[in-house]
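Here is how the chains run, residue by residue.
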Amino acid sequence: MFKSGMPVYGKDFIDRKQHLIKFNTFIKNNQHIMIKAPRRYGKTSLVVHLFETHKYNKIYIDIKRVNSLESLAKQIINEAYKYAGINGIIQKAKDSISHLFKQLKTTIKIDIEIAELTIETLERNEKKQIDEVEFFLYAIELVEEIAKQKNLNIKFAFDEFQDILLITDNKILDKLRSVIQHHQNVTYIFLGSIESIMNKIFANKTSPFFHFARVIELDGLDINELKSFCKVFFKSKKIIYDEFLFEIIAYLEGHPYYTMKTLQSVYYKSLEQSSQDITKQDCITALNEAFFETKSYLEEIIEKIKQKKYQYKVLWNLANEIKDANIDSLTLYKTYKSLQNLGYITKVDRGEYCISDIFLKILLQQNGDRQMFNERIEFKGLMLV
Ligand SMILES: Nc1ncnc2c1ncn2[C@@H]1O[C@H](COP(=O)(O)OP(=O)(O)O)[C@@H](O)[C@H]1O
Ligand SMILES: [Mg+2]
């Protein structure tokens, strides 16, 4: 199946053959890693797929979904105690400490002193006798302690790690690093989608995380892998398709999310129709649908870029392959750098860049809104007739 909108794993997971080997070698050998890629490039899928395939002991936390360091700490404590045989420890402590104590005495699979300290810490937190940074660092340390007691190596993934700076200030990075650098029984996986912040955290020489984790960059899916996957899939469903489908796949440059969205539409179309055959027109319609579903999000990006003097101009020029003599080379260089840091463009060669998001590029290539009102998009470079 072609799934979109959720992380994919197992038989839905396509390609990443090289990445999976490399990634797994690191993880297996307890090497911390950082995976960097624009949003919807398949970071979460890669981690979920790997965790599922190898049945690692794992903790997965999406920082985008937490709104304070305190709730992040609680989530970590909950996850850590699962490895000590206790589910939902935070709720249980809230309901009744004495009940929890009784349960711990009979079921806990680690030294009871560790649990006693946890309860004490939770109580101090409730009474606001501990600040949230300390509470968070306690939770992090606890994972190591439980892993050690159970003689496990826990793979600990922080998804959208850059968002930690939305719930606390960047002093946390130093503190976090100084705690986790001593950990022997936890392997950290940081995933991030805001290039500039992830670079600051992991690639800046002055950052506490510099050299801490191996950096893996994800780009698009392999076009040939995608094609083979489609061939096998449609054959198994006995669906005949126009070869134009492959042109669209190549055109989407392996963008995982856009490709899956388009393929999914194509497939659903064939299910709706009495004749299951997929025509060239079906492919074009599916591509249009995928584009229009993304359009408003991309327009927001463009609005944001327009607020910076040169960013929009430079990006537009790049999309339309125009060299602008009015922008001096230093300004151009600086603008490229900032667009790259924001994740909108990728360096392909010295001084040469391309737009990372194919639909963003297409949107910038449209001649005004009139064309788009008619929902007639020009997919430059794709032979539609
Ligand atoms: N390896 C893959 N195989 C098939 N589809 C994928 C793959 N990676 C990503 N996708 C598609 O892209 C979408 C976004 O993937 P996700 O892992 O959530 O990206 P990220 O975490 O980088 O934002 C998924 O819902 C799926 O449709
Ligand atoms: Mg993700």
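Residues numbered from 1 in each chain as written. Chains lettered and ligands numbered in written order. Predicted model: local features only at pLDDT ≥ 70, side-chain atom pairs only at ≥ 80, totals over all residues. Heavy atoms only, no water.

Student: Pulling in residues and values, what's your account of the site of ligand 1?
Tutor: Near ligand 1 lie 20 residues; those nearest to it are Lys3, Met6, Arg40, Lys43 and Ser45. Take Gly5: an N or O atom from its main chain is 3.1 Å from an oxygen atom of ligand 1. In the environment of ligand 1, an oxygen atom lies 2.7 Å from a nitrogen or oxygen atom belonging to the side chain of Thr44. For ligand 1, whose unbound accessible area comes to 560 Å², protein coverage reaches 94%. Its residues assigned to classes, the shell around ligand 1 shows 10 nonpolar, 5 polar and 5 charged. (Near = heavy atom within 4 Å. Polar contact = N/O pair within 3.5 Å; in protein donor to acceptor, adjacent residues only side chain to side chain. Areas by Shrake-Rupley, 256 points an atom, 1.4 Å probe, with all protein chains shown as cover. Nonpolar A, V, L, I, M, F, W, Y, C, P; charged D, E, K, R; others polar.)

Student: Quick rundown of the domain arrangement of the chain? Include the residues and the values.
Tutor: Its domain assignment divides the chain into domain 1 (10-217) and domain 2 (223-373). The centre of domain 1, based on its C-alpha atoms, is set 34 Å off from the matching centre of domain 2. At the junction of the two partners, domain 1 supplies 11 residues and domain 2 supplies 12 residues. Both faces considered, domain 1 and domain 2 share a buried interface measuring about 1200 Å² in area, 59% of it formed by carbon and sulfur atoms. Contact with domain 2 buries surface across domain 1, with Ile14, Arg40 and Tyr41 losing the most and accounting together for 48% of the total. Run the count over domain 1 and domain 2 and you get 1 salt bridge. Residues Glu225 and Lys17 are paired through a salt bridge, measuring 2.7 Å at the closest nitrogen-oxygen approach. Run the count over domain 1 and domain 2 and you get 4 residue pairs in polar contact (both at pLDDT 80 or more). If you tally residues by element for the side of domain 1 that touches domain 2, the top one is helix H10 (residues 195-202), at 3 residues. (Domains from an automatic or database assignment. Contact = heavy atoms within 4.5 Å. Buried area = accessible area lost by both parts, 1.4 Å probe. Salt bridge = Lys/Arg side-chain N within 4 Å of Asp/Glu carboxyl O. Helix = DSSP H or I, 4+ residues; strand = E, 2+ residues; numbered from the N terminus.)

Student: Outline the packing of helix H7 (residues 132-149) against helix H9 (residues 171-180), listing residues and values.
Tutor: Axis separation between H7 and H9 bottoms out at 10 Å; the angle between their running directions is 30 degrees. Relative to H9, the element H7 is oriented roughly parallel. In this structure, the crossing between H7 and H9 has a hand that is right-handed. Contact residues: H7 offers Val133, Phe136, Leu137, Ile140 and Glu141, while H9 offers Ile172, Lys175, Leu176, Val179 and Ile180. (Axes fitted to C-alpha atoms, helices over the stretch in contact; angles between N-to-C directions. Parallel < 35°, antiparallel > 145°, perpendicular 65-115°, else oblique. Left-handed = near helix turned anticlockwise from the far one by under 90°.)

Student: An account of the nonpolar core is needed here, citing residue identities and associated values.
Tutor: Counting residues in hydrophobic clusters, the biggest one holds 59 residues, and the most contacted among them are Tyr81, Phe136 and Phe161. With 11 residues, H7 is the largest single contributor of residues to this core. When sequence neighbours within four positions are dropped, the list of residues in contact with Tyr81 reads Ile86, Ile89, Ile108, Ile110, Ile114, Ala115, Thr118, Leu142 and Ile146. (Core = buried A, V, L, I, M, F, W, Y, C linked by side-chain atoms within 4.5 Å. Buried < 20%, exposed > 50% of the residue type's maximum accessible area, 1.4 Å probe, protein only.)

Student: Go over the pattern of salt bridges, please, and point to the residues and values.
Tutor: Evaluation of the coordinates by the stated rule reveals 17 salt bridges. Its salt-bridge partner being Lys269, residue Glu289 comes within 2.9 Å of it at the nearest N-O pair. Taken together, the residues Glu289 in helix H14 (residues 280-306) and Lys269 in helix H13 (residues 256-272) connect sequence positions 20 residues apart. Glu289 sits in the partly exposed class, given a relative accessible area of 31%. One network of salt bridges, in which partners are shared, links Glu70, Lys74 and Glu126.

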